[in-house]
Every structure is written in C-alpha cells, then in structure tokens.
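For reference, the chains in residue letters:
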Amino acid sequence: MSRFLTLLFREIKSYFYSPVAYVVLFFFLLLTGFNFFAGVSLLNRGPTEITVVEAFFNTVLFWFGFVLVFPLITMRTFAEEFKMGTIEGLMTAPVRDGQVVLAKFGGALLFYIVLWLPSLAYFRIFEWITGSEAARAGGAYWGSYLLLLLLGMFYLSVGCLASVLTRNQIIAAVMSFCAITLLFFMGLLSFIVLNVSPFLRDIVGYFSAIEHMGEFSKGIIDSRPVVFYLSMTAFTLILTLHIFQARKWKS
Amino acid sequence: MIQVENLTKRYAGHTAVNNISFEVGKGEIVGFLGPNGAGKSTTMRILSAFLPATSGRARVAGYDVFTHSLQARRHIGYMPENVPLYPEMRVDEYLRFRGKLKGLHGRRLRERAAEVKDLCNLREVDHKIIGTLSKGFRQRVGLADAMIHEPDLLILDEPTIGLDPNQIRQVRDLIRNLGKHHTILLSTHILPEVEMTCSRVLILNKGRIEASDSPQNLLSHLRSAGSLHVELKPGGDDAESLLRSLDGVKEVVAKPAGEWMSFRLRTDAESDPRESIHRLAVDRKWPLRELSRARATLEDVFVEITQSDDA
C-alpha cells in the first residue's frame, strides 16, 4: 500500500511539474467559464423549465471541451516512461505491475478531479448573485458530478490504454482522442443514422454519454450507467495491465 | 549470490543470449566484457528481473528472478545503461522516492539518503533539478539510487560511460569500496578499469561466455603473453636467424631503424629467453640498447577472444 501511495504521489506531482498541466487547467477554466455564461444567458432568454445545472452540463461546448481533455491528461502516463527508459528503473524496483497501472490511472483521475473543482464554485456564485435556490437541487447537482466522475474514469482508462500502446505521446493522444470520440458518438448513432434496428439502438444506448447526462443532470440516477462505466473502466484497466506486461517484456 | 543456468534470450530473428551458465559468489566484483551487442545488457536486464528469459533459470540471493521476482528485486540494486531518471524531479526528492519504492521509511530513509549522497558526492546538487545536471552527476544519482536500499547485489550497466577521467577514477574508487560489502556485477568497455577493480572477468561474445577467470589468469594464458622487444646494432645480417634459433622463440619480426635493428619476438608463454639474448649480444659484440618484455593487457585478451572466430 505504501508503495502504491509513493507511486501515486509521484504521478500527481509530475502533472504539476509540467507546464502542460497549467495550460490545460487554464483553457479548461476558460471553456467551462464561457460555457457557464452561455448556460446562464440561455436561462435569460425567457421562462424555461430547465435548471442552471442542466443548462451547464448539456451544451455542445461542454462536450467539446470534455472529450478533448482526456488525451491531454493521459498521453504521457506510460508513453513517457517507455520513451525515457525510466520504465527500467521503475520495474526493477520491488513494485507490482498492477500497482504501477493503478497509480498512473489514479494520478490521472485526481488531476481530472482538480480540473472540475473550480466549476463547483460556479453554482455557488450563481446562487449568491441570483438568490435562487435552483442550483441546490441536490440530485441534479451531485448526479451530474457523479456522472462526470464515472465518465471520467472510463475515458481516462481508455487514455491509459492508448498510452501503454506506444512510446510516442502524440500518437497516444491521437489514438485516445479517436477512441474516445468514437465511443462518444456511438451514443449518437440513432440520431445520425435513422433506420437502425432497435436492438442496435439499445446497445449503443449504453454508450450514450449525452443521454446519461440528460438524465443525471435532472437528478435521475440510473444504476445501469453506473455499473456500465465501472465495469468498462475495470475491463480497460485490466487490458492496460496485460499490454503493459507484454510491452515491458519486449522492450 | 547469482546462479545462472542455461540462460537463453531470443528476440524475433536473433539470439541475444545463447545458453549461458555462470555463478557469482558473495563478495565478488565481476566484470562483464564484450563487444557491443554481445548480450551484456540483456543478461543484466534478465538478472534484474526486468526481462524474462526465453529459457533457462537465473537466481539472485536464492530467489528465481522470474517466479519470485519481487523478492529477488529487493536484493538487487540495478543501474541501467544511460541511467534513465525523471528529469523534472530534484535529486533529494528522487532519491527519497526511490528509497520509498524500495521499502525504506522515516528515519531509515533519511539516513540512507544522506549516506548515499555523501558516498556519491551529491551534496552540492541536493536541490537541483535532475534535468539540469551534467552527465557525471546524473551517473552518480543513478549509482546512489542503485545502492540506497543496501542491496546484496549491485548490477551496474556501464557505470563509467560518458564520464571524464577524474570522474571515472572517483566512480572506480567508489565501486572498489562498495565491493567490500556488496557483490557487484558491472559491465564496461574500459578495460584497464576491469583490471583494477574486478576480481573476475566474464567475456561475452555473440551471446556466449568465451572466458571466465581472474584478470591475472586471463593474461597469463594469452597466446601473445610472451612478447619481447629487442633493439640492437647487429654486425652482420644473420641476427634475425640467430634470434629465431634461440630456445623458446617462435617468431621474429625485424624492422630496421637506421643503423639499429628493432625486433619483435613471440615466445612460448612459459619461456623467457631474455638471458640468452643478452648472452648472444655479448658474444657477438652487438650493442644492445633495448630489451623489454611487452606486458600483455586485457585489451589483447579481449581482442583475441572476441575476434578469433571472425579471422
């Protein structure tokens, strides 16, 4: 356990040692800030049934920034260790392969959480200025953040998988961007192609982050997406572990 | 400390290590020699539990490096070739990180970090970022990392490559001192270094062990061991044939140097014809200005062993 924590702390620290972290933080803040502004101005247009939480989490801009952030967070996790050769020092220390994979994933997840922290304040500020209790709709508020966490876990694990496949960070980023965009748009298949079979529509429905967010940001917390995202994350991480072992042995 | 049995490592298309077996006892300093691509690094990587072998077994401190990898790794301090380090970390931070990974905590960790920094002269760069350090310092950070958890066995892959002569001497002294308490397996291209530090030499060529002995024994068995240099002013032109007829002389190569003649003599390993050469020169009244025995170096051994099958 203490070895895992040692690895995890190094991962987190290495994010904040790199200028990339601050660039990502800055632009993510800018994007979510603008998105919040767009959400509020939508509410200003006239009477509406949606809450500020729903308005914030369901815009195109929100999803655009959302999909883009994962490759940036995960591209260096494994690729850099392979490229620098530091993997050799790391794996000749008495650490388990699983500890390394979990620490890298955990570090990415914590950075992702840090990325979202400022947005918590948006709703507080909204409340403070408008005096409206709308943002306090607990289910919608925490439901949205729960889904962000679940989605984040799945997409970060996909990013880790892409990073373990190559020693080039750019290739890792492109691969994870394509994979995540594909997963994301799979949920939109029924909107894009009109006459899909109902069976197929049901299957791709499980991947539909937009649909899930629509529900969760209303405060409807369905257990199916929770189980889906958790099991997909576990599956992808196990796959990552196996590829990591195979690659380590070939290097 | 190390037992290697029939170890083979095949990559797609070529065999890096071909069925080698050797043992290293506790307290030995063993030098791994061989041309580039001979399989030195591969063997070291297998021993440090980084790579699995294709077949064969390797045990360190009694633990199989593949099936009991974690236990074996606790006993090994490994310094990889080119010393990969995290460039964004500070020296002190890095050593503490590595110490913790290797199971040190609290006071023990602080003590060991301080000790290895003193041993490797890293005090002055304690708070510097590794990415800004010179090659020599990085090499020493790698060495400090390898020994921070007081491993029984140190595996050092080219510890002195890229260092200047002063730094090489420092590292050499350090290794020699470490050899009092640790077993050391090191690889290098710098042959005089092996002669000075190692108690035993393993010469690898094309994935096989070609020689395994102390540097002294290797030198005495060398074919070119008996080599003499003679310079004299001969009266006639029969000097060459007279020298050749001496007992134990196998080959004479003559080279004129003005009025003088320079001869290179190859002799049997056991015989020493210097006395008879002196007597010959005195009898014939040839002025003799040089008579010396060329000392074979490990370089000769290396060249002879690693090139014999190409020639």
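Residues numbered from 1 in each chain as written. Chains lettered and ligands numbered in written order. Predicted model: local features only at pLDDT ≥ 70, side-chain atom pairs only at ≥ 80, totals over all residues.

Caption draft 1: Layout of the interface of chain B and chain A. Listed per partner, the contact involves 22 residues of chain B and 17 residues of chain A. Breaking the side of chain B that touches chain A down by element, the ones donating at least two residues are helix 2 (69–74), strand 6 (76–79) and helix 3 (91–101) of chain B. When residues of the side of chain B that touches chain A are assigned to their parent elements, the largest contribution, four residues, is made by helix 3 of chain B. Split by residue class, the side of chain B that touches chain A holds 13 nonpolar, three polar and six charged. (Contact = placed C-beta atoms within 7 Å. Helix = DSSP H or I, 4+ residues; strand = E, 2+ residues; numbered from the N terminus. Nonpolar A, V, L, I, M, F, W, Y, C, P; charged D, E, K, R; others polar.)

Caption draft 2: Here's a closer look at the pairing of strand 12 (residues 249–257) of chain B. Residues and elements named next belong to chain B. As defined by bridge partners, strand 12 adjoins strand 13 (residues 260–267) across eight bridges and the pair is classed as antiparallel. What sits directly across from Val253, in strand 13, is Arg264. The turn joining strand 12 and strand 13, which pair antiparallel and follow one another in sequence, is formed by two residues; a positive phi near 70° is taken by Gly258. (Pairing = 2+ DSSP bridges.)

Caption draft 3: How the structure looks around helix 12 (residues 209–216) of chain A. Listed as buried for helix 12 of chain A are Ala209(A), His212(A), Met213(A) and Phe216(A). Burial along helix 12 of chain A is one-sided: seen end-on, the buried residues are contained in an arc of 100°. (Buried ≥ 20, exposed ≤ 12 C-beta atoms within 10 Å, placed from the backbone. Arc of directions from axis to C-beta.)

Caption draft 4: Region of interest: the sheet that holds strand 8 (residues 183–187) of chain B. Residues and elements named next belong to chain B. Read from one edge to the other, the open sheet built from six strands follows the order 6-7-8-3-9-10, with strand pairing classed as mixed. Each of the sheet's edge strands pairs with one partner strand only, and the pair in question is strand 6 and strand 10 (208–213). Direction aside, the axes of adjacent strands within the sheet are offset by 15° on average. Alignment of strand 3 (residues 29–33) against strand 8, held across four bridges, turns out to be parallel. Its bridge partner being in strand 8, Val30 is matched across the sheet by Leu185. Helix-sheet contacts for helix 5 (residues 135–147) involve strand 6 and strand 7 (153–157), and the interaxial angle to strand 6 is about 165°. (Axes fitted to C-alpha atoms, helices over the stretch in contact; angles between N-to-C directions.)

Caption draft 5: The sheet that holds strand 4 (residues 55–60) of chain B, seen in detail. All names here are of chain B. With respect to topology, four strands assemble into an open sheet ordered 2-1-4-5, the strand pairing being antiparallel. Edge positions in the sheet fall to strand 2 (14–24) and strand 5 (63–64), since each of these pairs with one other strand and no more. In this structure, strand 1 (residues 2–11) lies alongside strand 2, joined through seven bridges in antiparallel fashion. Looking at strand 2, one finds that Ile2 is bridged to Val24.

Caption draft 6: Main features of helix 4 (residues 106–119) of chain B. Residues and elements named next belong to chain B. Taking 1.5 Å per residue, 14 residues should reach 20 Å; helix 4 reaches 20 Å between its end C-alpha atoms and fits that length. Among the residues making up helix 4, those that are buried are Arg112, Ala113, Val116 and Lys117. What you see down the axis of helix 4 is that its buried residues fit within an arc of 130°, all on one side. Turned more than 90 degrees from where helix 4 packs its buried face, Arg107, Glu111 and Asp118 sit exposed. Taken together, the buried residues of helix 4 touch helix 3 and helix 5. After helix 4 finishes, the residue Asn121 shows a positive phi value of roughly 55°. (Expected span 1.5 Å × (residues − 1).)

Caption draft 7: Layout of the environment of Ala239(B). All names here are of chain B. Locating Ala239 in the fold gives a position in helix 9 (residues 239–244). The buried category is assigned to Ala239, around which 21 C-beta atoms lie within 10 Å. Once the C-alpha coordinates of Ala239 and Met261 are considered, the two residues, 22 residues apart in sequence, prove to be 9.2 Å apart. Apart from residues lying up to four places away in sequence, Ala239 is in contact with Pro234 and Met261.

Caption draft 8: Geometry of the nonpolar core. Core analysis: the largest hydrophobic core is formed by 127 residues, its most contacted members being Leu156(A), Ala144(B), Ile155(B) and Leu185(B). The biggest single contributor to this core is helix 8 (residues 138–164) of chain A, with 14 residues. Ranked by size, the runner-up nonpolar core spans eleven residues in total, among them Leu228(B), Ala239(B), Phe263(B) and Leu265(B). (Core = buried A, V, L, I, M, F, W, Y, C linked by C-beta atoms within 7 Å.)

Caption draft 9: How the structure looks around the packing of helix 2 (residues 19–44) of chain A against helix 4 (residues 60–74) of chain A. Residues and elements named next belong to chain A. Running from amino to carboxyl end, helix 2 crosses helix 4 at an angle of 170°, the nearest separation of the two axes being 10 Å. In terms of their interaxial angle, helix 2 and helix 4 are classed as roughly antiparallel. Between helix 2 and helix 4, the residues in contact are Val20, Val24, Phe28, Leu31, Thr32, Phe34, Asn35 and Ala38 and Leu61, Phe62, Gly65, Val69 and Leu72, respectively. When grouped by side-chain class, the residues that make up the contact of helix 2 with helix 4 number ten nonpolar, three polar and no charged. (Parallel < 35°, antiparallel > 145°, perpendicular 65-115°, else oblique.)

Caption draft 10: Summary view of the domain arrangement of chain B. Domain assignment breaks chain B into domain 1 (2–220) and domain 2 (223–295). The straight-line distance from the C-alpha centre of domain 1 of chain B to that of domain 2 of chain B is 46 Å. (Domains from an automatic or database assignment.)

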